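Residues per chain, in single letters:
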Amino acid sequence: MLAIKDLKFHYPTGNFSLSLSDFSVAKGEKVAVIGPSGSGKTTLLNLVSGITPFVQGEIKVGEYAINELADAQRRDFRICNIGFVFQEFELIDYLNVHDNILHPYRINAALTLDQNVRARAAALAKSMGLGDKLKRAISKLSHGEKQRTAICRALLPIPRLILADEATGNLDPENKTRILDLLFEAVAEHKATLLAVTHDHELLNKFDRVIDFRDFQVEEAA
Ligand code: ADP
Ligand code: MG
């Protein structure tokens with residue numbers, strides 16, 4: 001589902017660099033990404049999602065080599081195929097929970113908002129414990145509720161690849177397990193693939209595989 005080859009990346013400024021010679025995730029696999037702060041976990045998710053362009057190497061998501069897509073194509077591809085739960089949520093403060101979840105459908109021609117999508121949005125919000133908070137402003141949500149709103153928004157388009165950047169951070173242990181179970185259910189139900197950055201080492205045994213970014217830094221230094 002995800003195949004990275006000979007990827008070399010550095011930002012225009014600063015001296016961080018990421019080098020991945022061979023990394024792949026099978027369809028349906030649930031992979032946890034761990035590693036110290038600043039080791040490039042978020043950078044990797046941004047590269048895989050096509051948010052950050054790169055010039056050296058190849059990233060394939062399914063049959064698409066995202067480095068070969070033009071900007072607009074890459075954007076549409078991301079919107080239809082990738083569910084991204086951002087570390088900082090990226091929710092829109094002046095919209096309520098319901099409108100945040102539906103927002104990608106309102107701004108992207110690649111997604112069509114119909115009754116079926118609205119019904120799924122309501123069901124998803126309910127399953128995430130947000131059923132009674134749909135009309136609430138983002139600023140009046142707890143951290144965990146914001147997190148769950150961001151997850152609903154990411155899952156609504158039924159993405160083939162789910163990228164979660166510390167989606168269970170800052171939640172109490174019970175909620176953590178619940179959120180992860182919901183993410184796993186979404187993955188299983190739609191035969192999706194999950195790449196999740198996490199600091200919750202007690203949850204790692206629930207994943208199929210764990211990737212430690214410290215290993216890549218060793219590779220980089222070699
Ligand atoms: P992590 O998610 O593992 O904490 P990041 O991928 O966010 O790490 O960051 C990796 C490194 O890249 C850090 O040193 C960070 O300062 C740097 N970095 C992140 N974004 C940019 C950027 N836009 N420009 C320059 N350097 C950046
Ligand atoms: Mg990060």
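Just so you know, these numbers come straight off a predicted model, no measurement behind them.

Q: Looking at this structure, how should I read the layout of surface pockets?
A: Take a probe with the size of a water molecule and roll it over the atoms, and the empty space left behind shows itself. One number sums up the size of the largest pocket: a volume of about 410 Å³. Taken together, 18 residues line the largest pocket, and the ones lying closest to its centre are Ile 79, Phe 86, Pro 104, Asn 108 and Arg 153. Its residues assigned to classes, the lining of the largest pocket shows 11 nonpolar, three polar and four charged. In this structure, the second largest pocket occupies an estimated 280 Å³ of space.

Q: Sorry, what's going on with the confidence of the model for the chain here?
A: Keep in mind that low pLDDT regions are not for reading the predicted coordinates in detail. Per-residue confidence for the chain averages 92 on the pLDDT scale, and 97% of its residues sit at or above 70. Here residues 218-222 is a poorly scored stretch, pLDDT under 50, and it has five contacts once near neighbours within four places are set aside; other chains count.

Q: I'm lost on the coordination of the magnesium ion (ligand 2) in this one. Help?
A: By definition of the ideal shapes, four donors in a tetrahedron about a metal sit 109.5 degrees apart, and six donors in an octahedron sit 90 or 180 degrees apart. Around the magnesium ion (ligand 2), the protein contributes the donor atoms Thr 42 (OG1) and Gln 87 (OE1), at 2.0 to 2.5 Å from the metal centre. Here Thr 42 is found in helix H1 (residues 41-48), whereas its partner Gln 87 is found in the loop between strand S6 (82-85) and helix H3 (97-107), with 45 residues between them in sequence. You can call Thr 42 partly exposed: its relative accessible area is 28%. The class for Gln 87 is partly exposed, based on a relative accessible area of 33%.

Q: Quick question: what am I supposed to make of the site of ligand 1 here?
A: Every residue near ligand 1 is listed here: Tyr 11, Thr 13, Phe 16, Pro 36, Ser 37, Gly 38, Ser 39, Gly 40, Lys 41, Thr 42 and Thr 43. Gly 38 places a main-chain nitrogen or oxygen 2.7 Å from an oxygen atom of ligand 1. The side chain of Thr 42 places a nitrogen or oxygen atom 2.8 Å from an oxygen atom of ligand 1. Compared with its free state, where it exposes 570 Å², ligand 1 has 61% of that area covered by protein. Considered class by class, the residues forming the shell around ligand 1 number three nonpolar, seven polar and one charged.

Q: What is the right way to look at the sheet that holds strand S2 (residues 17-25) in this model?
A: Think of a sheet as strands paired side by side through backbone hydrogen bonds, with each pair either parallel or antiparallel. Taking strand neighbours across the sheet as the criterion, the four strands line up as S2-S1-S4-S5 in an open arrangement whose pairing is antiparallel. In this open sheet, the two edge strands, each paired with only one partner strand, are S2 and strand S5 (64-65). Here two bridges tie strand S4 (residues 56-61) to S5, and the two strands are oriented antiparallel to one another. By the bridge assignment, Lys 60 is partnered in S5 with Ala 65.

Q: When you look at unusual backbone geometry in this model, what are you seeing that I'm missing?
A: Peptide bonds are, in most cases, trans, and in most cases residues other than glycine have a negative phi. Here the phi dihedral of Asp 6 falls at roughly 50 degrees; this positive angle occurs in a residue that is not glycine. Position of Asp 6 relative to the elements: it lies in strand S1 (residues 2-10). The class of Asp 6 is exposed, set by a relative accessible area of 52%. Positive phi values are uncommon outside glycine, yet Phe 89 reaches one of about 65 degrees.

Q: Looking at this model, I keep getting lost on the sheet that holds strand S9 (residues 209-212). Mind explaining?
A: Reading across from one edge, S6-S7-S8-S3-S9 is the order of the five strands in this open sheet, with parallel pairing throughout. Either end of the sheet is taken by a strand with one partner, and the two such strands are S6 and S9. Direction aside, neighbouring strands of the sheet carry axes that sit 15 degrees apart on average. In terms of strand pairing, strand S3 (residues 30-34) meets S9 through four bridges, oriented parallel. When the bridges of S9 are listed, Ile 34 appears paired with Asp 212. Of the strands in this sheet, S3, S6, strand S7 (161-165) and strand S8 (193-197) touch H1, which is tilted by about 155 degrees from S7. On top of the sheet, helix H2 (residues 71-81) reaches S6 and S7; it is set at about 80 degrees to S6, its chief contact.

Reading guide: rules and limits
- Residues numbered from 1 in each chain as written.
- Chains lettered and ligands numbered in written order.
- Predicted model: local features only at pLDDT ≥ 70, side-chain atom pairs only at ≥ 80, totals over all residues.
- Heavy atoms only, no water.
- 1 Å grid on protein atoms, 1.4 Å probe; cavity = no way out; pocket = protein on both sides within 12 Å on 5 of 7 lines; lining within 4 Å.
- Points joined across faces, edges and corners; volume = space filled by probe spheres on them.
- Nonpolar A, V, L, I, M, F, W, Y, C, P; charged D, E, K, R; others polar.
- pLDDT = per-residue confidence, 0-100.
- Contact = heavy atoms within 4.5 Å.
- Donors = N, O, S within 2.8 Å, 3.2 Å for Na, K, Ca; no water.
- Helix = DSSP H or I, 4+ residues; strand = E, 2+ residues; numbered from the N terminus.
- Buried < 20%, exposed > 50% of the residue type's maximum accessible area, 1.4 Å probe, protein only.
- Near = heavy atom within 4 Å.
- Polar contact = N/O pair within 3.5 Å; in protein donor to acceptor, adjacent residues only side chain to side chain.
- Areas by Shrake-Rupley, 256 points an atom, 1.4 Å probe, with all protein chains shown as cover.
- Pairing = 2+ DSSP bridges.
- Axes fitted to C-alpha atoms, helices over the stretch in contact; angles between N-to-C directions.

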